[in-house]
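Each chain is listed here by its residues.
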Amino acid sequence: QLRRQARERREYLQRRAKEQQQQRQRERRESLKRALDENRLLPTELRHEALALQKELEFDFQAPGETGDSQDDEYRWAGLEPPKVMVTTSRDPSARLRLFAKVGVARFGCGSGGCGLVVGVAWMWVWPGCGCGLINPHPPDGLTVSHLPHGPTAHFTLSGAVLRQEVGGLGGAPLAAPHLLLLRLDSTLGKRVGTILKHLFPVPRPDSRRVVTFANEDDVILVRNHVYRRRGRTVELEEVGPRFQLRPYLIRLGTLEQGDAADVEWRWHPYTATAPKRRLLSAT
């Protein structure tokens, strides 16, 4: 098992490094093409290889449906089988945190074993499996989502948690797979975060009446859970909870137990001079 994991990890890293190299070369060709189309001076870093890049432009094309993004490789099996999700909490969780983590999926107490034990158990439980994940809610101010077997791992701050019992409404937890609404997550980072979140849920049936909404408001993702009913020509929404807000601050390319050894894909820098002016998750 360990040898297979190490081999698959090496193959994945080699494939990703090759795709990243191809992506950098593609970006250089696009930069040259824009300079030629706009009839302006070539970028300084491209002047020594402009002729070679121009020859490559003659054969540069993208097949239909090809994204050219190595990140899609992490979720290439998504949708073929329902994802398997494991939830764990910090040591000695409070009663409120136990209720918050009770979401109808497999739960595992990490105890003193740490992240390595949790990921090891998740490997044995979900592999072989097409879609799998690990959610780790810390005392309700943080959420870590780690996708197995190779990552990514996304870290969120969590605030404003309201439990299902506090929302009221139907009382019982809806078990149907929900339809997902991703609102204003249209930037490159927003699409990445949306991809990480949406693959925690299975593909819903067409007649499912449950809706989970991830709405971006000033780079804070509002999470809401509703069921709807049709009454004649009108539709009634009823919130069933839980509700909370997420804010991403770190995305790593590895899994949870790798920690600082994994490469950082993106990190939130709140103390830069332009931080209040930027919108990271939306294009506008």
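Preceding this section is the structure that the text describes.
Criteria and thresholds
- For every chain, the first residue of its written sequence is number 1, and the numbers climb from 1 along that sequence.
- Selection of residues for local features in this predicted model requires a pLDDT of at least 70, selection of side-chain atom pairs for listing and counting requires 80 or more, and totals for whole chains, interfaces and linings are taken over all residues.
- Only heavy atoms go into the side-chain values, all of them from the structure, while hydrogens and water stay out.
- Runs of H or I in DSSP of at least four residues are treated as helices and runs of E of at least two as strands, each being numbered from the N terminus.
- Accessible area is worked out with a 1.4 Å probe on protein chains only. A residue is then buried under 20% of its type maximum, exposed over 50%, and partly exposed in between.
- His is not counted here, nor are the chain ends, while Lys and Arg score as positive and Asp and Glu score as negative.
- Take a side-chain nitrogen of Lys or Arg and a carboxyl oxygen of Asp or Glu: if they are within 4 Å of each other, that pair is a salt bridge.
- Whenever a nitrogen or oxygen atom comes within 3.5 Å of another N or O atom, the pair is scored as a polar contact, on the condition that within protein one atom can donate a hydrogen and the other can accept it, and that pairs from neighbouring residues in sequence are kept only if both atoms are in side chains.
- Any two residues whose heavy atoms approach within 4.5 Å at even a single point are treated as in contact.
- Grouping buried Ala, Val, Leu, Ile, Met, Phe, Trp, Tyr and Cys residues that are joined through side-chain atoms within 4.5 Å yields what is termed a nonpolar core.
- A pair of strands is labelled paired if DSSP reports no fewer than 2 bridges between them.

Draft legend 1. Representation of the side chain of R210 in the model. Relative to the helices and strands, R210 resides in strand β7 (residues 210–217). Nearest to the buried, unbridged R210 among oppositely charged side chains is E239, at 12 Å. Of note is the side chain of R210, whose polar atom sits 3.0 Å from the backbone oxygen of A176. Of the polar contacts made by the side chain of R210, one reaches the side chain of N225; its length is 3.4 Å. If sequence neighbours within four positions are ignored, R210 has contacts with P174, L175, A176, P178, H179, N225, H226, V227 and Y228.

Draft legend 2. A look at the nonpolar core. By size, the foremost hydrophobic cluster in this structure holds 24 residues, and its most contacted members are F156, V193, I221 and L246. Within the residue set of this core, elements represented by two or more residues are β4 (142–146), β5 (153–162), α6 (188–198), β7, β8 (220–231) and β10 (243–252). Not counting chain neighbours up to four residues away, the residues in contact with L246 comprise L143, F156, T157, L158, L197, V220, I221 and V223.

Draft legend 3. Just the pairing of β5, in detail. A large share of β5 lies buried, amounting to seven of its ten residues. Summarising the sheet, β5 and β10 pair through eight bridges and their orientation is antiparallel. Along β10, the bridge assignment pairs A154 with I251.

Draft legend 4. Focus on the pattern of salt bridges. Scanning the entire structure with this criterion turns up eleven salt bridges. Two residues, R205 and D207, come together in a salt bridge whose shortest N-O distance is 3.8 Å. The pair formed by R205 and D207 is uniform in burial state, with each residue classed as exposed. The salt bridge partner of R279 is D218, with a shortest N-O separation of 3.5 Å. With R279 in the segment after β11 (264–267) and D218 in the loop between β7 and β8, this residue pair connects regions lying 61 residues apart in the sequence. Taking relative accessible area as the criterion, D218 reaches 51% and is therefore assigned exposed.

Draft legend 5. Just the pairing of β8, in detail. When β7 meets β8, the two strands line up antiparallel, connected through eight bridges. Looking at the pairing, R210 lines up with V227 of β8. With antiparallel pairing between neighbouring strands as the criterion, β7 and β8 make up a hairpin whose turn holds two residues, including D218 at a positive phi of roughly 55°. Both β8 and β10 contribute to a ladder of three bridges, which runs antiparallel. Across the sheet, L222 pairs through a bridge with Q245, a residue of β10. Sheet analysis places β8 next to strand β9 (residues 234–239), joined by six bridges and oriented antiparallel. Residue pairing in the sheet places V227 in a bridge with E238 of β9. Adjacent in sequence and paired antiparallel, β8 and β9 are bridged by two residues, among which G232 carries a positive phi angle near 70°.

Draft legend 6. Representation of unusual backbone geometry within the structure. In this model, G151 is joined to P152 through a cis peptide bond whose omega is 5°. With respect to the element layout, P152 can be found in the loop between β4 and β5. Positive phi values are uncommon outside glycine, yet D219 reaches one of about 65°. If you trace the backbone, D219 turns up in the loop between β7 and β8.

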